[in-house]
Amino acid sequence: MASAADQLASGLNLSKFGQATELKKRLWFTLGALIIFRMLSYVPLPGVDPTQLGLLAQRTQGGVLDFFNTFSGGALERMSVIALGVMPYITASIVVQLATSLSPALAAIKKEGESGRKKLNQYTRYGTVALTAVQGYVIAVGLETLGATQGLAPVVEPGMLFRVAAVISLIGGTMFLMWLGEQITSRGVGNGISLIIMAGIVAHLPTTLVQLFEGGRSGSMNPVTLVAILVAVALLVLFICFMERAQRRILIQYPKRQTQRGVQSERSHLPLKINTAGVIPPIFASSLLLMPLTISQFAGQQQAGQGWWGDFIISLNQYLQHGSLVYMLLYGAGIIFFSFFYTAVVFNPEETADNLKKYGGFIPGIRPGKNTEAYFDYVLTRITVIGAAYLTIICLLPEYLVSALAIPFYLGGTSLLIVVNVTMDTVTQIQSHLLAHQYGDLIKKAKLKGGRLR
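Residues numbered from 1 in each chain as written. Predicted model: local features only at pLDDT ≥ 70, side-chain atom pairs only at ≥ 80, totals over all residues. Heavy atoms only, no water.

Colleague: I tried to follow the overall build of the chain on my own but got confused; where do I start?
Modeller: Of the regular secondary structure elements, the chain holds 17 helices and two strands. Here the chain holds 454 residues, and 44% of them are scored as buried. In the chain, once contacts between residues fewer than 6 apart in sequence are set aside, the share between residues at least 24 apart is 75%. Put simply, the chain shows about 24,000 Å² of open surface, and 63% of that area lies on carbon and sulfur atoms. (Helix = DSSP H or I, 4+ residues; strand = E, 2+ residues; numbered from the N terminus. Buried < 20%, exposed > 50% of the residue type's maximum accessible area, 1.4 Å probe, protein only. Contact = heavy atoms within 4.5 Å. Areas by Shrake-Rupley, 256 points an atom, 1.4 Å probe, with all protein chains shown as cover.)

As structure tokens, then:
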């Protein structure tokens with residue numbers, strides 16, 4: 001039987017959208033912030049020649065940097081001030097969360113509530129600046145060397161002045177994106193960082209579709225293959241939607257209470273999502289993998305022909321190309337690890353069991369306290385195995401097919417997973433705002449019918 005909230009949501013009147021002033025303001029703010037993000041992706045670093053840079057990008061297509069370029073919305077290809085996107089911030093967040101789990105001092109700070117959260121956020125910002133500075137310097141040096149190797153001059157005046165200016169610009173761009181994401185989260189609709197990543201991916205989809213259809217028209221791609229790709233993408237989207245809404249509901253029963261209708265017992269369900277971690281594991285795994293790979297690819301061009309170390313870096317970059325066995329193994333291991341890690345961060349069995357015991361709730365057949373905690377841990381471990389397997393298959397199987405069939409990367413499983421997941425979360429928040437607005441109207445009508453409240 002559906003609850004009152006479910007019945008109200010099913011009867012949601014979308015015609016009320018025009019009257020939801022607060023929601024419209026939030027949507028316009030989110031749209032404006034994403035437009036600013038896209039405009040910044042076309043602002044080049046100081047001292048970079050866009051024409052020479054475009055020729056260099058054409059000659060060096062492929063490799064893991066295309067993955068990075070996707071998440072930044074093409075900003076890396078154009079060497080804009082936001083070329084690194086939000087990846088340094090995500091990497092710093094991973095480091096801080098791992099340190100919080102391992103360090104008792106940081107764990108104590110986390111338990112301080114709002115003040116502790118602000119301290120950890122500040123540590124994350126410091127880490128973002130440090131990582132951006134390191135990656136920015138390597139990219140600046142690698143750009144000079146790569147241009148010389150290809151017989152081009154993407155940097156107008158190579159030297160320390162350009163490197164310092166590039167690092168400062170990249171730090172400013174990444175920190176601005178981080179701030180913009182926080183503003184979207186608080187004043188807009190949806191998670192700001194996730195929306196920025198999704199906007200970068202979606203910006204490439206029209207070009208990708210045009211390339212696919214052009215390949216089918218020109219005969220370079222078999223029409224049957226083209227239709228199979230489109231059908232596979234549609235089925236993949238449906239499968240992602242199904243898995244993201246899948247839940248394991250645990251029955252919670254409360255003690256019997258005396259009501260006007262007699263003695264009644266209350267029951268509810270605790271929903272546990274099959275994919276509790278959401279889209280975080282692929283983003284975290286790719287971010288953690290991309291940071292050293294970005295450095296190695298740019299450093300490899302600088303060290304080429306300078307002994308065994310340069311040859312080793314070049315060989316490492318070749319082994320870590322998309323579709324390679326080593327890359328897929330590392331990526332899959334990262335997804336599985338962060339699926340369990342982030343699930344443990346999001347859901348605390350001990351805290352949930354204590355809260356149930358405090359309010360008199362219990363699971364039928366399970367004693368409150370430690371036994372309930374162990375049961376939650378038992379169930380959560382098993383559904384996390386399913387969720388981790390689902391994420392790994394979604395991200396790696398299309399990755400292999402993309403490499404084998406030479407399909408443009410932007411239709412890969414990771415990209416679709418992020419787009420579908422973030423879209424679903426954003427639509428859910430929009431529905432919540434509409435539901436709150438409609439509920440407010442119902443309260444006003446009830447007050448009018450019942451007279452003025454005294």
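Colleague: How should I be thinking about the packing of helix 2 (residues 21–40) against helix 8 (residues 160–187) in this particular structure?
Modeller: Think of two packed helices as two axes; the pair is described by the angle between the axes and how far apart they sit. Between helix 2 and helix 8, the least distance of the axes is 9 Å, while the angle of their chain directions is 165°. Classed by the angle they form, the pair helix 2 and helix 8 counts as roughly antiparallel. Viewed along their axes, helix 2 and helix 8 form a crossing whose handedness is left-handed. Contact with helix 2, carried on its side by R26, F29, T30, A33, L34, I36, F37 and L40, involves F176, L177, L180, Q183, I184, S186 and R187 of helix 8 and no other residues of that element. Classifying every residue of the contact of helix 2 with helix 8 by side-chain character gives 10 nonpolar, three polar and two charged. (Axes fitted to C-alpha atoms, helices over the stretch in contact; angles between N-to-C directions. Parallel < 35°, antiparallel > 145°, perpendicular 65-115°, else oblique. Left-handed = near helix turned anticlockwise from the far one by under 90°. Nonpolar A, V, L, I, M, F, W, Y, C, P; charged D, E, K, R; others polar.)

Colleague: Just to check I follow, could you spell out the nonpolar core for this structure?
Modeller: Core analysis: the biggest nonpolar cluster contains 78 residues, and I90, L143, I197, I240, Y331 and L417 have the highest contact counts within it. Of the residues forming this core, the biggest block, nine residues, is contributed by helix 16 (residues 370–405). Looking at this core, you find at least three residues from each of domain 1 (22–204) and domain 2 (221–447). (Core = buried A, V, L, I, M, F, W, Y, C linked by side-chain atoms within 4.5 Å. Domains from an automatic or database assignment.)

Colleague: Just to check I follow, could you spell out the pattern of salt bridges for this structure?
Modeller: Opposite charge on two side chains permits them to pair, given that their charged atoms come into close proximity. Taken as a whole and judged by the stated rule, the model has six salt bridges. Between E114 and R117 there is a salt bridge, with the nearest N and O atoms lying 2.3 Å from each other. One end of the pair is E114 and the other is R117, both in helix 7 (residues 114–149) and three residues apart, which spans about a single turn. Since its relative accessible area comes to 44%, E114 is described here as partly exposed. With a shortest N-O distance of 3.9 Å, E244 and K273 are connected by a salt bridge. Taken together, the residues span a long stretch of sequence, with E244 in helix 11 (residues 223–245) and K273 in strand 2 (residues 262–273) at a distance of 29 residues. Classification of E244 by relative accessible area gives buried; the value is 4%. (Salt bridge = Lys/Arg side-chain N within 4 Å of Asp/Glu carboxyl O.)

Colleague: Got a minute to help me understand a nonpolar patch on the surface in this structure?
Modeller: Residues W28, L31, I35 and M39 make up a contiguous nonpolar surface patch of roughly 480 Å² in combined accessible area. Here W28 is to be found in helix 2. According to the relative accessible area criterion, W28 is exposed, its value standing at 64%. (Patch = residues over 30% accessible without salt bridge, like charges linked within 9 Å, V, L, I, M, F, W, Y side chains within 5 Å.)

Colleague: It is not clear to me how helix 15 (residues 349–358) should be interpreted in this structure. Could you clarify?
Modeller: In an α-helix, one full turn covers 3.6 residues, which means residues spaced three or four apart are oriented alike. Listed as buried for helix 15 are P349, T352, A353 and L356. Seen along its axis, helix 15 keeps its buried residues to an arc of 100°; they face one direction. Its side-chain oxygen at 3.1 Å from the backbone nitrogen of E350, N348 defines the N-terminal cap of helix 15. Once helix 15 finishes, G360 follows within two positions and takes phi at roughly 80°, a positive value. (Arc of directions from axis to C-beta. Polar contact = N/O pair within 3.5 Å; in protein donor to acceptor, adjacent residues only side chain to side chain.)

Colleague: Sorry if this is basic, but what is going on with the packing of aromatic side chains here?
Modeller: Centre-to-centre distance and the angle between the planes together describe a pair of aromatic rings. Inspection of the entire model under this criterion finds nine aromatic pairs. Between the aromatic rings of F337 and F338, the centroid separation amounts to 5.1 Å while the plane-to-plane angle is 75°, which identifies the pairing as edge-to-face. The partly exposed category is assigned to F337, whose relative accessible area is 42%. Judged by its relative accessible area of 2%, F338 is buried. (Phe/Tyr/Trp six-rings, centres within 6.5 Å; stacked < 30°, edge-to-face > 60°.)

Colleague: Please explain the environment of A166 as it appears in this structure.
Modeller: By the element assignment, A166 lies in helix 8. Take A166: its relative accessible area is 1%, and that puts it in the buried class. Sequence separation between A166 and S80 is 86 residues, and the spatial gap between their C-alpha atoms is 9.6 Å.

Colleague: What's the story with the packing of helix 5 (residues 87–102) against helix 14 (residues 325–346) in this structure? I'm lost.
Modeller: It is the contact of helix 5 with helix 14, at a shortest axis distance of 12 Å, that shows an interaxial angle of 65°. Helix 14 is crossed by helix 5, and the crossing has left-handed handedness. On helix 14, the residues touching I94, Q97, L98 and S101 of helix 5 are F337, F338, F341, Y342 and V345. For the contact of helix 5 with helix 14, a count of residues per class yields seven nonpolar, two polar and no charged.

Colleague: Any chance you could explain the side chain of T343 here in plain terms?
Modeller: Along the polypeptide, T343 turns up in helix 14. When its relative accessible area of 4% is taken as the criterion, T343 is described as buried. In this view, T343 contacts T276, A277, F338, L380 and T384; residues no more than four positions away in its chain are not counted.

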